[in-house]
Amino acid sequence: QVQLVESGGGLVQPGGSLRLSCAASGSFPNILLMGWYRQAPGKQRELVAAVNSGGTTSYKDSVKGRFTISRDTAKNTVYLQMNSLKPEDTAVYYCRYRYLTDDFWGQGTQVTVSS
């Protein structure tokens, strides 16, 4: 079993930055992908950024150039550096660790971008 604990959310002004962290406790074989998703009120959950087991990253078009996903395999932690934040980035952000035979989600952390 794997538990994911997110941190780093909060209130920030437009143009500001936040860094989200997702630490995994426990171990599970054959990880495929670590990702960050978000869900705004009244909207579906969407993929923001992901990194696969080979280290290849992918991003939602609207965050390219502003967000960076990274991982620390020694700490079993994935990060999302968010710069130049916009009000439309406001959402609950969830991390996900997808394995070959299982799938785990964090509890979510609120990010609010507002002046």
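Look a little higher up for the structure.
What counts and how
Residues numbered from 1 in each chain as written. Predicted model: local features only at pLDDT ≥ 70, side-chain atom pairs only at ≥ 80, totals over all residues. Heavy atoms only, no water. Helix = DSSP H or I, 4+ residues; strand = E, 2+ residues; numbered from the N terminus. Rg over C-alpha atoms; globule rule 2.2 N^0.38 Å. Buried < 20%, exposed > 50% of the residue type's maximum accessible area, 1.4 Å probe, protein only. Contact = heavy atoms within 4.5 Å. Areas by Shrake-Rupley, 256 points an atom, 1.4 Å probe, with all protein chains shown as cover. Lys, Arg positive; Asp, Glu negative; His and termini not counted. Charge placed at Lys NZ, Arg CZ, Asp CG, Glu CD. Polar contact = N/O pair within 3.5 Å; in protein donor to acceptor, adjacent residues only side chain to side chain.

With that settled, the discussion passes to the overall build of the protein chain. What the protein chain contains, in helices and strands, is 0 helices and 11 strands. Tracing the protein chain from N to C terminus, the helices and strands come up as β-β-β-β-β-β-β-β-β-β-β. The C-alpha atoms of the protein chain give a radius of gyration of 14 Å, which matches the 13 Å a tight globule of 115 residues would have. For the protein chain, buried positions account for 39% of its 115 residues. Residue pairs in contact within the protein chain that sit at least 24 positions apart in sequence constitute 53% of those at least 6 positions apart. For the protein chain, the accessible surface area stands at approximately 6,100 Å², while carbon and sulfur atoms represent 47% of it. Side chains of the protein chain carry 12 positive and 8 negative charges; the gap between the two charge centres is 3 Å.

For Asp89, the position within the fold is in the loop between strand S8 (77-82) and strand S9 (91-99). Only 2.8 Å separates the side chain of Asp89 from the side chain of Arg66, close enough to count as a polar contact. Polar side-chain contacts of Asp89 include one of 2.8 Å to the backbone nitrogen of Lys86.

On to the side chain of Ser21, then. Mapping Ser21 onto the fold places it in strand S3 (residues 18-25). Leaving out residues up to four positions away in the same chain, Ser21 has contacts with Val5, Glu6, Ser7, Trp36, Thr77, Val78 and Tyr79.

Turning to its location among the elements, Leu80 is positioned in strand S8. Separated by 59 residues in sequence, Leu80 and Ser21 have C-alpha atoms that sit 6.6 Å apart.

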